[in-house]
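Per-entry structural report
The lines below spell out each chain.
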Amino acid sequence: MSSGELWTHERKMLQQEFFMHRVKKMANIIIGSANTLTEAWNKILKNEGGKAEIMVQSHLRNFSANIISRVCFGDSYRKGEEVFLNLSQLQTAISKASLFTSIPGTRYLPSKTNREIQRLNQEICSLIKNIVQEHKQQDSSNRDILYSIIEGSTSIPEQTASVEEFIIDNCKTIYFAAFETTAVATTWCLLLLAVHPEWQDCVRKEILDVTHGATPDFDMLRQLKKLTMVIQETLRLIPPAPLILREAMHDMKLQHIHISKGTVIQITVSMLHHNVDLWGPDAVVFNPNRFANGISGACKYPHMYAPFGFGPRNCVGQNLAMVELKIVLSLVLMRFSFDLSPNYVHSPSYRLTVGPEHDLPLIVKKYDVLANM
Ligand code: HEM
């Protein structure tokens, strides 16, 4: 992650890509990826006689990777998927290596994991360079995020990064920020809807009342209040990005604690989200109704609700994330009903984001809209 002048430049460049009017133009990509997911589930159900156990996480990861590859790399999205596959392996290798970061110098040792990290970094750089070359030869009216990054690389603040570093680092940031977060957020929403069938029924009814069984458009998404409440409550109970980091820019005092310049402070979002003084005695209970009057109605100090962080460094992609979640959950709920499989083992695990260690097996059936009208 960058800081100072370079961060300001990158933030300005990326922020405008995720304003709501831009995200609106991404809706067709999101719907296409959600349809691919539901078609894959339909195929499994057909082969298994109408009811099947589906490990949903890999489907949701494909959904999320496909969207971010297309949004970021446009026509070169297949190569983008390859970049993201390598980045996913890099993420695993980095989380393995970070178990040992408390021992100084270990990241420079020629260990198996460090060599793997180096190999993956080289592979990612050469793939991205290849895509950039391709982009430079393409029609620039077909704008995607990579175009903006390439454009942004022509005005990097002096002595902060080379053009190559700038492009590669921004592609990596988008991947790490966008891919796994959205996939695990959707996974936890499905888990909570599976174990709270009353909410599954209620949200499905709302979706069908608004859409009449058609693919939801942008205005319809805005009317899905109960679905929004379920997503907000899921992000409260299980925030996918549970740690927010800030570095002290100068010596400071936080109540009676002296903090020296350069100290990195870790804010544990789930502790804020589970605090009974802020949320009431049912702080650890799934209760989407608490969001019936928005975030300020749910929490004593609304800025303590921070699934997307806070302040000037908050998540630039939150509009995209919310639209992705609403579209995929609407299509899944309209087309299927599901229960938690007895094979599920609850073991949230930290891999920069918090996801289920052993995937999420759901028992899925087709939902017959007409029969239930
Ligand atoms: C449910 C999904 C997501 C969650 C929970 C999430 C959460 C977060 C959090 C907690 C931060 C740190 C904020 C802070 O330090 O205050 C962050 C940063 C960021 N997110 Fe997201 N995010 C999600 C999806 C996305 C998507 C789809 C994108 C699209 C590209 C994205 C792009 C970013 C970027 C670029 C940053 C760094 C911002 C900066 O440093 O200025 N995120 N996100």
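Residues numbered from 1 in each chain as written. Predicted model: local features only at pLDDT ≥ 70, side-chain atom pairs only at ≥ 80, totals over all residues. Heavy atoms only, no water.

Under an unreviewed UniProt entry, the name given to the protein is Cytochrome P450 protein, and the source organism is Rhynchospora pubera. What the UniProt record of the protein gives under Subcellular location (unreviewed entry) is the line "Membrane". Its UniProt record gives the protein the following Cofactor (unreviewed entry) comment, quoted word for word: "heme". (UniProt positions renumbered as here; feature names shortened; annotations may be inferred.)

1. A look at unusual backbone geometry
With a phi close to 55 degrees, His212 is a non-glycine residue in the positive phi region. Relative to the assigned elements, His212 resides in the loop between α9 (197-211) and α10 (218-223). In this structure His212 comes out as exposed when scored by relative accessible area, which is 63%. (Helix = DSSP H or I, 4+ residues; strand = E, 2+ residues; numbered from the N terminus. Buried < 20%, exposed > 50% of the residue type's maximum accessible area, 1.4 Å probe, protein only.)

2. Thoughts on the coordination of the iron atom of the ligand
Looking at the iron atom of the ligand, one finds just one donor atom contributed by the protein, Cys315 (SG), at 2.3 Å. Mapped onto the fold, Cys315 is located in the loop between α14 (294-298) and α15 (318-335). (Donors = N, O, S within 2.8 Å, 3.2 Å for Na, K, Ca; no water.)

3. A short note on the site of the ligand
Around the ligand, the surrounding shell holds 24 residues, and the nearest of these are Trp7, Arg11, Arg246, Phe310 and Cys315. Contact distances for the ligand include 3.2 Å between an oxygen atom and a side-chain N or O atom of Arg313. Among the secondary structure elements, those contributing two or more residues to the shell around the ligand are α1 (4-15), α8 (163-195) and β2 (243-247). Element by element, the count of residues in the shell around the ligand is highest for α8, at six residues. Here the residues of the shell around the ligand are counted per class, giving 16 nonpolar, five polar and three charged. (Near = heavy atom within 4 Å. Polar contact = N/O pair within 3.5 Å; in protein donor to acceptor, adjacent residues only side chain to side chain. Nonpolar A, V, L, I, M, F, W, Y, C, P; charged D, E, K, R; others polar.)

4. As for the packing of aromatic side chains
According to the stated counting rule, one finds eight aromatic pairs in the structure shown. Ring plane angle 55 degrees and centroid distance 6.1 Å describe the contact between Trp279 and Phe291, whose orientation is recorded as tilted. You can see Trp279 sitting in helix α13 (residues 276-279) and its partner Phe291 sitting in the loop between α13 and α14, a full twelve residues away along the chain. The residues Trp279 and Phe291 share a single accessibility class, namely buried. Each residue in the set Phe73, Phe84, Tyr175, Phe176 and Phe179 is aromatic and connected to the rest through ring pairs, giving one cluster. Between the NZ or CZ atom of Arg70 and the centre of the ring of Tyr77, over which it lies, the distance is 3.8 Å. A cation over an aromatic ring shows up here: Arg204 above the ring of Tyr367, its NZ or CZ 4.5 Å from the ring centre. (Phe/Tyr/Trp six-rings, centres within 6.5 Å; stacked < 30°, edge-to-face > 60°. Lys NZ or Arg CZ within 6 Å of the ring centre and 35° of its normal.)

5. Focus on the pairing of strand β7 (residues 348-351)
Pairing of β7 with strand β8 (residues 353-356), which is carried by four bridges, proceeds in the antiparallel orientation. Along β8, the bridge assignment pairs Pro348 with Pro356. Counted along the chain from β7 to the antiparallel partner β8, the turn is one residue long, and its residue Leu352 has a positive phi close to 70 degrees. (Pairing = 2+ DSSP bridges.)

6. What about the nonpolar core?
In terms of nonpolar packing, the biggest core is built from 104 residues, with Trp41, Ile167, Leu190 and Phe338 touching the most fellow members. Of the residues forming this core, the biggest block, 18 residues, is contributed by α8. Not counting the four nearest positions on each side in its chain, Trp41 is found in contact with Ile54, Val56, His59, Leu190, Val332, Phe336 and Val364. (Core = buried A, V, L, I, M, F, W, Y, C linked by side-chain atoms within 4.5 Å. Contact = heavy atoms within 4.5 Å.)

7. Topic: the sheet that holds strand β1 (residues 51-55)
Spatially, the three strands line up as an open sheet ordered β1-β9-β6, and their pairing is antiparallel. The open sheet has two free edges, formed respectively by β1 and β6 (336-340), since each of these has just one partner strand. Averaged over all neighbouring strand pairs, the angle between strand axes comes to 35 degrees, with direction disregarded. Taken together, the five bridges between β6 and strand β9 (residues 361-366) define a ladder with antiparallel strand orientation. Opposite Phe338, over in β9, you have Val364 as the bridge partner. Relative to the sheet, α15 contacts β6 and β9, its axis offset from that of β6 by approximately 95 degrees. (Axes fitted to C-alpha atoms, helices over the stretch in contact; angles between N-to-C directions.)

8. Observations concerning α8
With 33 residues, α8 should reach 48 Å at 1.5 Å per residue; the first-to-last C-alpha distance of 49 Å fits that figure. Most of α8 sits out of view: 25 of its 33 residues are buried. (Expected span 1.5 Å × (residues − 1).)

9. Here's the deal with the state of the cysteines
Summed over the entire model, instances satisfying the criterion amount to zero disulfides. Cysteine Cys202 is unpaired, with the sulfur of Cys189 as its nearest cysteine sulfur at 14 Å. (Disulfide = S-S within 2.5 Å.)

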